[in-house]
Structure formats: C-alpha cells, structure tokens
Amino acid sequence: MPTKTKTKAEIADIIKRIELISGENIYKCYQCGKCTAGCVMAGEMDISPYKVIRMIQLGLVEKALESESMWLCAACFACRERCPKEVDLSKIMEALRVIQVRDGKPLIEPEEVADEVIEEMPQQGIVSAFRKYN
Amino acid sequence: MKKIGVFVCWCGLNISSTVDVEKASEELKNYPGVFYADDYKYLCSDPGQELIKKTIVDNKLEGIVVAACSPNMHESTFRAAAEAAGLNPYRVEITNIREQASWVHSNKEDATAKAIQLIKSTVEKVKKSEDLFPQQIPLTKKVLVIGGGISGMTVALEVAEAGYPVILVEKEPQIGGNMAKLSETFPTLDCASCILTPKTAEVGRHSNITLMTNSEVIESTGYFGNFTVKVKRKPTFVDWKKCIGCMLCQEKCPKKTNSDFEHGMGKRKAISVAFPQAIPYRPIISEKECIYFKTGKCKICVKVCPVDCIEFEQEEKIIEENIGAIVVASGYDLLPKEELGEYGQGKYADVIDGMQFERIASASGPTEGVIKRPSDGKIPKSIVFIQCAGSRDNQKGRPYCSKICCMYTAKHAMLYKHQVHDGEATIFYMDIRAGGKGYEEFVQRAIEDDHVLYLRGRVARVYEEDGRLVVLGVDTLSGEQVRIEADLVVLATAVIPSIGAKALGQTLKVGTDTYGFFNEAHPKLKPVESMTKGVFLAGCAQAPRDIPETVSQATGAAAKVITMFSKNHLVSDPQVAKVNEKICVGCLLCKPICPYKAIEPEIVEVRVGCRAEKRQVATINKGLCQGCGACSVACRSGAMNLSGFSNEQILEELKSLCL
Ligand SMILES: Cc1cc2nc3c(=O)[nH]c(=O)nc-3n(C[C@H](O)[C@H](O)[C@H](O)COP(=O)(O)OP(=O)(O)OC[C@H]3O[C@@H](n4cnc5c(N)ncnc54)[C@H](O)[C@@H]3O)c2cc1C
Ligand code: SF4
Ligand code: SF4
Ligand code: SF4
Ligand code: SF4
C-alpha cells in the first residue's frame, strides 16, 4: 500500500464527505464487480469502478481522488441500475468530482481552454462540460 | 398476607455490572409482603436452585419472585425447583432484569432503580397468584406429512417404522420431489435415482403409510394432538386401483405437450406418468391438454386400456382425517428466470436454470444424459455458469444466500467436462461456499483436475449478438472486464419457498418469514418445531439446504413426532382463558376475536336467587386456547380472565408501576 500523507482523521473526514454528498453508504458494496462488468467506460479508467469504492473503503481516498476514473465516468447510471446491493456508484463518482471541484482541483479551467475548442464546441456541450468538470 | 420470597440473580456480570443487585435485594426486604429477599451469583446453577428450594421449605413461602433473565430462558427451571419444594409452580414469577434492565441501560443508578420497580410490581402480581394445574388432553397417534420430497419421505419412513400410522400428502401425482429430477449428486457424484428409488419404493409399500398423491391439504382445525384436516384429492381420471401400469395409454395417446417434470426440456403425453421409476407408477390425464376434454372426441386411451380403468367423469374428493401432529415438508422452487431482466428474462432458449441442466444431464432425462442445448440440440462447446442469480441480491428482494448453488454449479461444470473434454466451462461466482464434508475438496477437483475456470465477479448482462449469446462479466481478482461468447448459459437461480407455501402456512396457522420459508420456533434450539404446537418442519420448506442436511433435519422432526406419540396423553398449559359463568352475559363478543377459534357458546344452568335458569355463556376449549388474552380484553362484563395473567394480577402490577 502507498504511504499515506493524510492523517486518519482527515481521511475519515473525506469519507464522511463522500457519503454526505452522495447519500450512499460505501460499506454496503460487497465488491461483486457487476457495476464494472457492464460499465461502458471501465476499459478507459485507470482504476475500475468497483475498485474506486474499495479504495474508499480501505481509506485510500487519496488514490481514489487522484485517479482519472471519476472524470471518465459517463454518469450513465447503468451501475446503479444493476447493483444488487442498491449502491448508487454514479453518485459516488459525482461526489468525488464535487470534492475535487470544491477543493479547487477541477478538471478544466475556463481560461485554459483553447479558443478554437470553444469556437467548435456546441453551447450545450460547453455548459455540460463546465457542469461536470468544473 | 402471603409470605413471598424474592431472589435477585447476578447472572455473573451480566446483571450485576449494571444493576446493584445487593441494593435491590436489601430494598425488597423491607417491601410489604416480602418475607425473605436475597441475591445470588447464578440462581440457575444447582446450588442456586437448592437455595430456592431450601428457602421455600424453611420459610413456608407461598409465592416467589426470581429477578433474573428472560422467562424464556429459565422460567421452567425455577418453576420446577419450586414444585420440588412443594410450591405450586404457577406461584413463581420471573422479573426480567437482564434483557429489560442491565442489558439495555448503561447508567447503573437508573438501571437499579428500574430493576427494583419491576421486581416490586412482580411481587404485587404474585400476591394475587393462584394454584394452577395442567390438564390432560387426549392424543391421536397419527401424523400428517405434507410434501413427498426427500424430507417428507424421510419423516414418513421414520415415524412409520416406529409403529405409528402416517398420511403422506403430495400435490404432484408422484413422490420424490425435486431430488427425483436430479442427475448426479455432490459431492460423491452418485446418481440421484439410485439413492432415491429405494426410498420411494419403501414409502410406496410400507403398511403404516397411506399415500395421497395428487392431493392438497385445504383445511386444518383443532389443536396439537387433536387436529382435523381436510385433504382435497384431485381427479386423476384413471382408476388407480384397477390400473396395472402397462402404460399402453401413454404410448398410444396422440397428444404431446411440455412436461413440468422436465422443466420444459422434454415432452410428455396428455395421459402420462412423469418418469419411469415414479411411485405410484400410475398415469394421470391432464385435463388442460387432453383432446377428449377439449373436443369430446378421441378416447384412444379407453380403447387401448386392457382393464378398462379410464374414468373421464372422475371428480375431486374431500377426505377428512383426524391426526395428532403435522410435519410441513413442502420444499422449494426456483426463482423464475423471467424475473432476471439482465439475464434475458427467460426469452433465450439457451439460457437455462440449474434444474433444467439437471434434466439434460440426467440419464433418464429427455436427452438420455447427453448434454445438448435446447435451441438446436447441439453439444455446447462453451458453457457459462452464473452463480447467485437472484440470490444475495437486495435489489431483487432476496438478500439471502441460497446455500446449495455453489456446490451444484461445481457439479454441473464437472459433469459437462467429463462429457466434453475440450469444452470450456466458466463459472462466475462471488464467493465459493463449500462448507460441508468433502465439499471444498470437490470444488478444488473441478478446478485442478477438470480445469473449470472460476471467475470472481458478477455478470452484468447476457444478450444475443449475431445469433450468439454474449456474457458480459468481470474478474475482480485481475480487475479485467470479461466478454464471453457462450453456447449455453446456466443460471444458478435463487431457491425460493415452494409456490403456495404462504397459503399453506395460513391454512395450518403456521408463520412464514418475509420470503415465505416456514418459521422455526427458535433459530438455534428449536429448528424443527414451528411456533404452532404440534406442527413440525423439515427440509427446504424451512430454508434452502442440500440433501444430507435435509435428511438430518427430517430425522429430527420425526424424532419429535415419535417423542410426542410415546405418551398416552398430552399435558396442556393451565395458563389459558377462563370464563366466570356467573358474570358472562353470553354476548360472545370474545368469539370472533380469538385467533385460535377456542371460544364456543354453551347453554348452562345457573342459579339466580333460589331458582335455576338456563342461559348461554362462552366456553373455552383448553386445547385450542394459547393464552394470548385477547378475549379477556374484549369482554365487557369482565367475565373472561386469563389464568396466570388475571385482570387482578395485571392491575396490581400496573398500580405498583404507575401510582
Ligand atoms: C439444480 C439443483 C441441483 C441440486 N443438486 C444437489 C446435489 O447434487 N446434492 C444435494 O445434496 N442436493 C442438491 N440439491 C438440493 C436438493 O434438491 C434439496 O436439498 C432437496 O431436494 C430438498 O428436499 P425437500 O424434500 O425439502 O424439498 P422438495 O424436493 O422440493 O420436495 C417437496 C415436495 O413437497 C411437495 N409440495 C409442495 N407444496 C405442497 C403442498 N402444498 N401440498 C403437498 N405437497 C406439496 C412438492 O411437490 C415436492 O414433492 C440441488 C438442488 C437444485 C435446485
Ligand atoms: S455492483 Fe454494487 S456491490 Fe457490486 S461492486 Fe459495484 S457498487 Fe459494489
Ligand atoms: S382421450 Fe386421447 S388425448 Fe385424451 S388421454 Fe386419451 S388418448 Fe390421450
Ligand atoms: S392402459 Fe390402463 S392399465 Fe395400462 S397403464 Fe393405462 S390406465 Fe393403466
Ligand atoms: S450458495 Fe453460492 S451461488 Fe448460491 S447464493 Fe450462496 S454464494 Fe451464491
């Protein structure tokens, strides 16, 4: 396991925030992997969806937050529909994104987006992107 | 005033760490009516009981209060001790200061105050106690077994061997239940029929067993030792007494249809017997499919039958039987595939369940044991088995583990690999639950010797693409998503209570859990008794389990019945309702309220002044009454009273607590 830089209390606090924002009990997940089996984006993720939850369960929240997975999650809700334990993983992914954004680490900053991209992107796309990634 | 003794138990540290037991006994010493009070480390121990006995005798006590654990635990212990000391056992009352004081509080002062209050109220109750005497009730030494699977047959044979008559009621035309459909059995791979048919044959010929197949219990009244049941015998349309079992009718019948016994994997005729070793080996006509019943023409069976025993006009019969005990052995069914949307909802021919696999692997099944897939009869080159299909699944309302599927899936994969050596058998599992003698070794054999591939993870979807079944899963051990094209998919669907179990429970007045499995009286100490006296449980009717466990439990249930029948009469609890005929106005408001139907009207002669008068009053059937007390609450004239929990006693208790 990697060395932890955060204290136990800080980690507990982040887990609490994840649970609060998502409204999910992360300990309900029994690691069956069904979410991941049917996840359209799992192949692109550095940490599989079920493993993201495992990381949080183990207190390795920094690893979960550092991972790209939350940004790749398409928020398609397939995992939520299939989870036998009724864990809404899409909400947990959202909670991770929200924490990152609130802590000042959004995926994209408006000023860093190239002009051409803004030119080419449909307005709806820009709005959605900022809603999800910022 | 009565001389009452109070004993406060420490229960080691269980009570004494949170309740000041010494203070409690000291305070009770000064309570009006208390002649003696003391505390002791373990009252339930031998010396503890001796102390109680000696104190009763030495002080000529007329009632005692034991402040200890729940009366469910030791009420009978302390009542027996009192009886041995010459005190009527119903003058002993328990105050539960463990579950209701020490275990549920942390503040010692408050817990002690509460315990003292509770003990004082019990003292008030004992002041109003009376001697009560159990009654003898008669007993019919005949048992009704419901369900003719391996559990019901085991019970029937054990009780019959002990010399008591048995009625075995089975809803299907033949006995054997689900085990009769199995191919080979884990963990020894012996053929199911080979070990089952000696049992079915013995049940069929045993002189103490009356077999009623194609029948169902539709009503049950009475009480333990003395039940009256009505059995509906559905028509078979064949006179089974005359029939010689030549099966010419089955051979010649022109109407083919799907066989329930084969779970859709094979066909049968409109007049048929389910399988070659069926007991009884007699045919039955299915009214739904028979051409004659539909069109009024055909009657080929009538023409071919050499002994003229087809009876199209047969009607159902209701039979009444008096019996002393009932054993529920109604078994299980499997969760319908239609409820598993992600696995095709039952619309793909080559997605089958475990029982369907048993049929195509069974030597006496529709494929004669050659594992062929249903859609085109080809031998599958790759089979995917999906465990926990619908089990351990809160979303589908079945959070429980079905217990048997890990083992039978390993068996299925093994049977397949033994036939198709180069075939691929892949099992998706969450955990391998192989707790049992030789079970883990069996699973390891499948992995090591037969090269069955176990992938740890649940399958998200099974769907069809270009005519092939695709299984989308994951292996959480490697972290990889897995996509497999399969020729056949076998779902280890959840074990559910047999269809109709809940209704049967209502008929018998026996409780079932949220899923419909029958409730045992105590999860550890009374696993074969139901909450209803005289009704016992065996096999999968109570919970999913495999054959060895089913047989053990069924043998236990049989032992309970035999113990009950070894006595010449039964003893009833005297803590039942009692009518004061002088006050009862005969309004019978109590009658509909009694859940056990124990109240009936009766005409009695009562003296009013100097003349005798006839009038209606309520009477209690002491065998039926379970002492719930509902009637005594309903009675407006206060004539109904529950012995051992009389209105006066409860009022005194409440006064002590509330005033
Ligand atoms: C696919 C599969 C494979 C299995 N393989 C194995 C194995 O290899 N080894 C092993 O040990 N176990 C195995 N089992 C488990 C085994 O089938 C059960 O343990 C066993 O059959 C339980 O017997 P039972 O008598 O309790 O229930 P059942 O066999 O279900 O018998 C119950 C009987 O009661 C009848 N009934 C139901 N309701 C009523 C009613 N209201 N009135 C009258 N009759 C009624 C039914 O028709 C049935 O005949 C397997 C199970 C499955 C699903
Ligand atoms: S499907 Fe649900 S229980 Fe299974 S691993 Fe994913 S989140 Fe956990
Ligand atoms: S009447 Fe015809 S269809 Fe019906 S059982 Fe007899 S032979 Fe079969
Ligand atoms: S032909 Fe008659 S005797 Fe023969 S099995 Fe059929 S019903 Fe019985
Ligand atoms: S026995 Fe095995 S396959 Fe069946 S529900 Fe339990 S864990 Fe799942």
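The numbering scheme is per chain: residues are counted from 1 as the chain's sequence reads. To label them, take the chains in the order written and letter them from A, then take the ligands in the order written and number them from 1. Whole-chain, interface and lining totals are the exception, using all residues; otherwise, since this is a predicted model, local features are given only for residues with pLDDT of at least 70 and side-chain atom pairs are given and counted only at 80 or more.

A. Representation of the overall build of chain A in the model. Each helix and strand counted, chain A has nine helices and zero strands in total. Its C-alpha radius of gyration of 16 Å places chain A within 12% of the 14 Å reference for a compact globule of 134 residues. Each principal axis of the C-alpha atoms in chain A carries an extent, and together these give about 45 × 35 × 25 Å. As a rule, residues whose C-beta atom has 12 or fewer other C-beta atoms within 10 Å are exposed, those with 20 or more are buried, and those in between are partly exposed; C-beta atoms are placed from the backbone. Burial statistics for chain A: of 134 residues in total, 29% are counted as buried. We call two residues in contact when their backbone-placed C-beta atoms lie within 7 Å. Restricting the contact set of chain A to residue pairs at least 6 apart, pairs at least 24 apart contribute 63%. Comment: elements are numbered from the N terminus, with helices defined as DSSP H or I runs of at least four residues and strands as E runs of at least two. Atoms considered for the radius of gyration are the C-alpha atoms alone. The globule rule reads 2.2 Å times the number of residues to the power 0.38.

B. Representation of the site of ligand 3. All names here are of chain B. Nearness between a residue and a molecule or strand is assessed with a C-beta atom placed from the backbone; a distance within 6 Å qualifies. Ligand 3 sits among Cys253, Lys255, Ala270, Ile271, Ile285, Cys290, Ile291, Tyr292, Cys298, Lys299, Ile300 and Cys301. Broken down by secondary-structure element, the contributors of at least two residues to the shell around ligand 3 are helix H10 (291-295) and helix H11 (300-304). Any residue outside Ala, Val, Leu, Ile, Met, Phe, Trp, Tyr, Cys, Pro, Asp, Glu, Lys and Arg is labelled polar, Gly included; the first ten of those are nonpolar and the last four are charged. In terms of residue class, the shell around ligand 3 is built from 10 nonpolar, no polar and two charged.

C. Focus on the site of ligand 5. All names here are of chain B. Residues in close proximity to ligand 5 total 13 residues, the closest being Cys388, Ser391, Cys401, Cys405 and Cys406. When contributions to the shell around ligand 5 are tallied by element, the ones reaching two or more residues are strand E21 (382-389) and helix H13 (405-419). Partitioned by chemical class, the residues of the shell around ligand 5 number six nonpolar, three polar and four charged.

D. Highlighting the interface of chain A and chain B. Taken together, the contact between chain A and chain B spans 17 residues of the former and 17 residues of the latter. Looking at the side of chain A that touches chain B, the elements with two or more residues in it are helix H2 (34-37) and helix H3 (49-57) of chain A. If one sorts the elements of the side of chain A that touches chain B by residue count, H2 of chain A sits on top with three residues. Each residue belonging to the side of chain A that touches chain B can be placed in one class, and the counts come to six nonpolar, six polar and five charged.

E. Geometry of the domain arrangement of chain A. Annotation comment: domain bounds sourced from an automatic or database domain assignment. Domain annotation for chain A reports domain 1 (8-103) and domain 2 (108-134). Computed from C-alpha coordinates alone, the two centres of domain 1 of chain A and domain 2 of chain A are separated by 25 Å.

F. Highlighting the domain arrangement of chain B. Here chain B is partitioned into domain 1 (4-127), domain 2 (135-234 + 316-331 + 500-569), domain 3 (235-314), domain 4 (334-496) and domain 5 (576-642). On a C-alpha basis, the centres of domain 1 of chain B and domain 2 of chain B stand 42 Å from each other.

G. Local environment of the nonpolar core. Residue and element names in this part refer to chain B. Counting 120 residues, the largest nonpolar core has Ala156, Val327, Val328 and Val489 as the members making the most contacts within it. Take this core: its biggest share by element is nine residues, from H13. Among all residues touching Ala156, those that are not within four sequence positions of it are Val145, Val166, Leu168, Val203 and Ile209. Judged by nonpolar contacts, the second largest core, of 39 residues, contains Ile15, Val19, Ala24 and Phe78. For this analysis, nonpolar core means a set of buried Ala, Val, Leu, Ile, Met, Phe, Trp, Tyr and Cys residues linked through C-beta atoms within 7 Å.

H. Representation of the sheet that holds strand E24 (residues 461-465) of chain B in the model. All names here are of chain B. Strand pairing follows a simple DSSP-based rule, namely that at least 2 bridges must link the two strands. One open sheet accounts for three strands, arranged E24-E25-E26; its pairing is antiparallel. Edge strands, defined here as strands with exactly one partner in the open sheet, are E24 and strand E26 (480-486). Sheet twist, expressed as the mean angle between neighbouring strand axes with direction ignored, is 25°. The pairing of strand E25 (residues 468-475) with E26 spans seven bridges and is classified as antiparallel. Each bridged residue has a counterpart across the sheet, and for Val471 the counterpart in E26 is Ile484. Every axis in this analysis is a line fitted to C-alpha atoms, fitted for helices over the stretch in contact. Angles between the N-to-C directions lie between 0 and 180 degrees.

I. Region of interest: the packing of helix H7 (residues 150-161) of chain B against helix H8 (residues 192-205) of chain B. Residues and elements named next belong to chain B. Between H7 and H8, the shortest axis-to-axis distance is 10 Å and the interhelical angle comes to 50°. Relative to H8, the element H7 lies oblique. Handedness of the H7/H8 crossing: left-handed. Between H7, through Ile150, Met153, Ala156 and Leu157, and H8, the contact on the second element is made entirely by Leu196, Lys199, Thr200, Glu202 and Val203. Residue classes in the contact of H7 with H8 are distributed as six nonpolar, one polar and two charged. Throughout, the term roughly parallel applies to angles under 35 degrees, roughly antiparallel to angles over 145, roughly perpendicular to angles from 65 to 115, and oblique to all others. If you view the pair so one helix is near and one far, a crossing is left-handed when the near helix is turned anticlockwise from the far one by less than a right angle, and right-handed when it is turned clockwise.

J. Spatial organisation of the sheet that holds strand E10 (residues 209-212) of chain B. Residues and elements named next belong to chain B. The five strands lie next to each other as E10-E7-E6-E18-E29, forming an open sheet whose pairing is parallel. Either end of the sheet is taken by a strand with one partner, and the two such strands are E10 and strand E29 (535-537). Between one strand axis and the next, the sheet turns through 20° on average, direction left out of account. Two strands pair when backbone bridges link them, and strand E6 (residues 143-146) and strand E7 (residues 166-169) are joined in this way by four bridges, in the parallel orientation. Each residue of the ladder has a partner; that of Leu144, found in E7, is Ile167.

K. Highlighting the environment of Tyr281 of chain B. Residue and element names in this part refer to chain B. Looking at where Tyr281 falls in the secondary structure, it is placed in the loop between strand E15 (271-272) and strand E16 (284-285). Each C-alpha atom, one on Tyr281 and one on Gly204, is 9.8 Å from the other, the two residues being 77 residues apart in sequence. Excluding residues that lie within four positions of it along the chain, Tyr281 makes contacts with Gly245 and Val273.

L. Representation of the pairing of E21 of chain B within the structure. Residue and element names in this part refer to chain B. Among the eight residues that make up E21, seven are buried, leaving the element largely enclosed by the rest of the structure. Handedness of the crossover joining E21 and strand E22 (residues 424-429) through H13 is recorded here as right-handed. The sheet contact formed by E21 and strand E27 (residues 488-493) spans five bridges and is parallel. For Phe385, the partnering residue across the bridge sits in E27 and is Val490. Here, the term right-handed applies to a crossover whose path from the first strand over the helix to the second runs clockwise when the strands point away from the viewer.

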